[in-house]
Amino acid sequence: MISITKEQLAYFEKQVILNHKQVLAYALSLNLDRHAAEDLIQDAFLTAFHKLAEIDRDRSFGAYMRGIVRFKYLERGRKLKEICLGDAIIDIVDQQFMEWNSGEHHRMHLFDILEQCNEKLTEDQQQIIRMFYTEKAQCEMIAATMKINETTVRKRLERIRNELKGCIKKQQKGAR
Amino acid sequence: MNNQKIEKKRPDEPVAPESMAMEGLLREFGENGTAPHRDLIGSIMTEARKTADITVTTVSQPVSVISILKYLLPAAACLAIMGVLIFKSGITLTGKVKLTAESPCLMASTPGGILERAGASLAIRNGMKVNSHDQIKTYASSIAYLQFNDLSRLEISGNSNISYNGTAVIRQPDNSRIKKIDISLQEGAIYGNIVKTSNYGAFTIKTPQGKLSIRQGKFILVNKPNSFYLEVISGAVQFKADHQAKVVKVKPGQVCLIGAGQTVKIVSLNQLNSSMLKQQIIASRQRLTMNESGFEQLLLKLYKKKKADICFKRNKLKNRRIFL
């Protein structure tokens with residue numbers, strides 16, 4: 001049992017609300033399935049909660065959480081004897097999240113920006129995104145629905161990801 | 001279709017490393033859009049509350065201003081006296097060094113790194129003691145500080161891999177014995193600020209290219225793929241390349257490079273022709289060499305959080321015992 005003040009609890013709750021989506025997105029980026037990612041970030045937030053007194057509030061809470069998630073991810077891999085992503089790849093993912101969080105006020109709006117960018121995509125592109133990420137259809141099924149090749153779906157997905165990445169960067173640059 | 005089955009297949013879809021962050025973002029966006037994940041927030045907060053004893057400050061009965069002042073004034077006076085004492089003493093690194101350089105401890109900025117000890121991986125915590133044969137791996141964009149009891153310190157840049165091999169006793173020609181601190185830098189960059197201690201020999205740092213030893217001074221050592229150099233800021237560093245018998249001495253303002261054909265070159269920083277290398281050296285210096293006042297601030301911060309006391313156990317700084 002740890003002893004904390006009401007103010008510390010309020011601070012923690014605020015940080016959970018602000019950061020949970022991005023921390024979850026980070027865990028999902030590490031090739032985890034949703035259940036594992038949610039368990040992992042819940043565990044990570046609890047670790048942060050137990051170290052609440054030690055947290056430096058001047059620093060980014062999101063970056064602190066990513067550090068914990070990364071450690072827990074590697075620990076989980078060792079425990080379950082699963083092959084984890086290498087340090088170099090995790091560093092690339094980390095770097096991208098760090099760029100997205102370079103301005104504090106952008107963190108909470110990142111998903112809003114993504115929504116705006118998604119609306120700028122063509123109808124076909126939006127359909128691929130919706131089928132793949134929301135309806136969780138496989139590339140084979142998307143290819144059959146859209147009457148295109150399966151490889152084309154994969155190529156388009158990669159292109160859409162790059163387009164969205166560029167759009168987010170542009171929007172954040174414009175907002176600064 | 002069963003969601004779980006699809007989710008398990010999903011990670012097998014090939015994604016380029018540069019797109020993995022975007023993939024994670026889209027997976028969360030696809031599932032929940034821009035809305036907050038209420039269930040997740042709820043379960044995190046419920047679990048957190050279960051493990052916490054929440055202290056609530058409440059005023060049970062009306063308290064007069066005079067009675068508040070009665071308690072507040074002595075407290076304020078005590079705080080003011082403590083403030084003056086702290087301001088006067090501070091935490092300075094110029095104190096008399098009493099201890100040897102043994103028992104280093106570790107501090108790190110976020111996102112930190114990993115300390116590997118006897119096959120187990122531990123997340124770096126501030127004030128963590130480092131044992132012989134421990135390996136420190138830092139994450140990108142973090143800096144770790146390996147602080148020795150004699151106030152010598154190593155700043156370890158992000159993406160570095162360094163091992164602390166402990167101390168070795170060396171017998172001198174006059175039969176006296178001195179100790180050496182042995183460190184290996186497998187990959188990455190370090191800044192060393194080494195303090196001369198009477199009963200210690202030199203710090204030796206092994207790299208895949210060779211071994212350097214330093215008794216007192218400041219230096220930057222970079223060992224990255226396609227880039228190896230040693231810049232000496234003060235003091236003198238001896239470097240012996242693995243394939244050469246000769247030991248070279250690198251002086252302040254000089255840079256030791258390993259060029260094509262594994263030849264060891266010593267050049268003055270001002271004479272460096274390659275502007276790219278010069279820029280790289282300057283960037284490393286800006287990133288790593290924290291000035292003394294900055295480092296003092298960091299220590300003060302950690303001291304207040306009671307996390308760095310292990311690093312300075314029994315050290316007398318500015319003629320008073322600061323850390324218990």
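Quick caveat, the model's predicted, so the values are computed rather than measured.

**Q** Give me the lowdown on the overall build of chain B, citing residues and values where you can.
**A** The helix and strand tally for chain B stands at six helices and 18 strands. Within chain B, the fraction of its 324 residues that count as buried is 43%. Put simply, of all contacts in chain B between residues at least 6 apart along the chain, 50% involve residues at least 24 apart. Entry remark: accessible area of chain B is about 17200 Å², with carbon and sulfur atoms responsible for 54%.

**Q** So what about the packing of helix α4 (residues 87-100) of chain A against helix α2 (residues 20-32) of chain B? Which residues, and what values?
**A** Between α4(A) and α2(B), whose axes approach to 8 Å, the crossing angle comes to 65°. Each of A:I89, A:V93, A:Q96, A:F97 and A:W100 in α4(A) lies in contact with α2(B), whose residues at this interface are B:M20, B:A21, B:M22 and B:L25. Looking at the contact of α4(A) with α2(B), its residues break down into eight nonpolar, one polar and no charged.

**Q** Break down the interface of chain B and chain A for me, with residues and values.
**A** Between chain B and chain A, the contact holds 62 residues from the first and 73 residues from the second. Counting the contacts that link chain B with chain A gives six salt bridges. B:E23 is paired through a salt bridge with A:R161; the nearest N and O atoms lie 2.9 Å apart. Where chain B meets chain A, there are 15 residue pairs in polar contact (both at pLDDT 80 or more). Mapped by element, the contributors of at least two residues to the side of chain B that touches chain A are α1 (3-9), α2, α3 (38-50), β1 (52-55) and β4 (120-123) of chain B.

**Q** Help me get a handle on the packing of helix α1 (residues 6-29) of chain A against helix α3 (residues 61-80) of chain A, residues and values and all.
**A** Residues and elements named next belong to chain A. Where α1 contacts α3, the axes come no closer than 9 Å and their chain directions differ by 55°. As judged from the angle between their axes, α1 and α3 are oblique. When you trace α1 past α3, the crossing you get is right-handed. The residues of α3 that touch α1, namely those facing Y11, F12, Q15, N19, V23, Y26 and A27, are F61, G62, M65, R66, V69 and R70. Its residues placed into classes, the contact of α1 with α3 shows eight nonpolar, three polar and two charged.

**Q** A description of the nonpolar core should follow, citing residues and the corresponding values.
**A** Within the largest apolar cluster, 73 residues are counted, with the highest numbers of intra-cluster contacts made by A:F12, A:F45, A:V69, A:L114, A:L164, A:I168 and B:L25. What A:L114 contacts, discounting residues up to four positions off in sequence, is A:L164, A:I168, B:M22, B:L25, B:L26 and B:F29. One finds B:A108, B:V130, B:F228 and B:I258 within the second-largest nonpolar core, a separate group that totals 36 residues.

**Q** Let's hear about the environment of A:D91: which residues, and what values?
**A** Within the fold, A:D91 resides in helix α4. The residues touching A:D91, leaving out its near neighbours within four places in the chain, are A:R70, B:A140 and B:N159.

**Q** Go over unusual backbone geometry, please, and point to the residues and values.
**A** Residues and elements named next belong to chain A. Positive phi, normally seen in glycine, also occurs at N31, with a value near 65°. Tracing the backbone shows N31 in the loop between α1 and α2 (34-50). Given a relative accessible area of 34%, N31 falls into the partly exposed group.

**Q** Give me the lowdown on the packing of aromatic side chains, citing residues and values where you can.
**A** Residue and element names in this part refer to chain A. Within the structure shown, the criterion is met by nine aromatic pairs over all chains. Ring centres of F12 and F45 lie 6.4 Å apart, and the angle between their planes is 80°; this geometry places the pair in the edge-to-face category. Of this pair, F12 sits in helix α1 while F45 sits in helix α2; the two residues are 33 residues apart in sequence, bridging distant segments of the chain. Look at F61 and Y64: their rings are 6.2 Å apart centre to centre, the planes differ by 50°, and that puts the pair in the tilted class. Placement of both F61 and Y64 in helix α3 is noted, with a separation of three residues, approximately one turn of the helix. The exposure classification of F61 matches that of Y64, with both residues buried. Here a set of aromatic residues connected by ring pairs shows up, and it is made of Y11, F12, F45, F49, F61 and Y64. When the ring centre of F111 is taken as origin, the NZ or CZ atom of K21, which lies over that ring, is 4.8 Å away.

**Q** Outline the state of the cysteines, listing residues and values.
**A** Residue and element names in this part refer to chain A. Scanning the model with the defined rule gives one disulfide over all chains in all. Here C117 engages in a disulfide with C167; their sulfurs sit 2.1 Å apart. With the S-S bond torsion at -85°, the cross-link from C117 to C167 turns out left-handed. Remark: C167 occurs in helix α9 (residues 150-175) and C117 occurs in helix α6 (residues 110-120); sequence separation between them is 50 residues. Taking relative accessible area as the criterion, C117 reaches 2% and is therefore assigned buried.

**Q** Describe the pattern of salt bridges, naming the residues involved and giving the relevant values.
**A** Going through the model one piece at a time under the given rule, you end up with 19 salt bridges over all chains. Residue B:R153 pairs with B:E155 through a salt bridge whose shortest N-O separation is 3.3 Å. Here the two residues B:R153 and B:E155 agree in accessibility, since each one is buried. In this structure, a network of salt bridges that share partners links the residues A:K21, A:R34, A:E38, A:K136, B:E28 and B:E31.

**Q** Let's hear about the confidence of the model for chain B: which residues, and what values?
**A** Put simply, chain B has an average pLDDT of 74, and 70% of its residues get 70 or more. Below a pLDDT of 50 lies the segment residues 1-12 of chain B, which in the model reaches 16 contacts outside its immediate sequence neighbourhood of four places, other chains included.

**Q** Help me get a handle on the side chain of B:S121, residues and values and all.
**A** If you trace the backbone, B:S121 turns up in strand β4. Accessibility expressed as a relative area gives 12% for B:S121, which makes it buried. Apart from the residues lying within four places of it in its own chain, the contact partners of B:S121 are A:F71, A:R78, B:I114, B:L115 and B:E116.

**Q** Lay out helix α8 (residues 139-146) of chain A with the relevant residues and their values.
**A** All names here are of chain A. Buried within α8 are the following residues: C139, I142, A143 and M146. Viewed along the axis of α8, the buried residues span an arc of 100°, placing them on a single side of the element. In α8, the exposed positions angled more than 90 degrees off the buried face are occupied by E140 and A144. K147 sits one or two residues past α8 and shows a positive phi near 55°.

Procedures and definitions
Residues numbered from 1 in each chain as written. Chains lettered and ligands numbered in written order. Predicted model: local features only at pLDDT ≥ 70, side-chain atom pairs only at ≥ 80, totals over all residues. Heavy atoms only, no water. Helix = DSSP H or I, 4+ residues; strand = E, 2+ residues; numbered from the N terminus. Buried < 20%, exposed > 50% of the residue type's maximum accessible area, 1.4 Å probe, protein only. Contact = heavy atoms within 4.5 Å. Areas by Shrake-Rupley, 256 points an atom, 1.4 Å probe, with all protein chains shown as cover. Axes fitted to C-alpha atoms, helices over the stretch in contact; angles between N-to-C directions. Nonpolar A, V, L, I, M, F, W, Y, C, P; charged D, E, K, R; others polar. Salt bridge = Lys/Arg side-chain N within 4 Å of Asp/Glu carboxyl O. Polar contact = N/O pair within 3.5 Å; in protein donor to acceptor, adjacent residues only side chain to side chain. Parallel < 35°, antiparallel > 145°, perpendicular 65-115°, else oblique. Left-handed = near helix turned anticlockwise from the far one by under 90°. Core = buried A, V, L, I, M, F, W, Y, C linked by side-chain atoms within 4.5 Å. Phe/Tyr/Trp six-rings, centres within 6.5 Å; stacked < 30°, edge-to-face > 60°. Lys NZ or Arg CZ within 6 Å of the ring centre and 35° of its normal. Disulfide = S-S within 2.5 Å. pLDDT = per-residue confidence, 0-100. Arc of directions from axis to C-beta.

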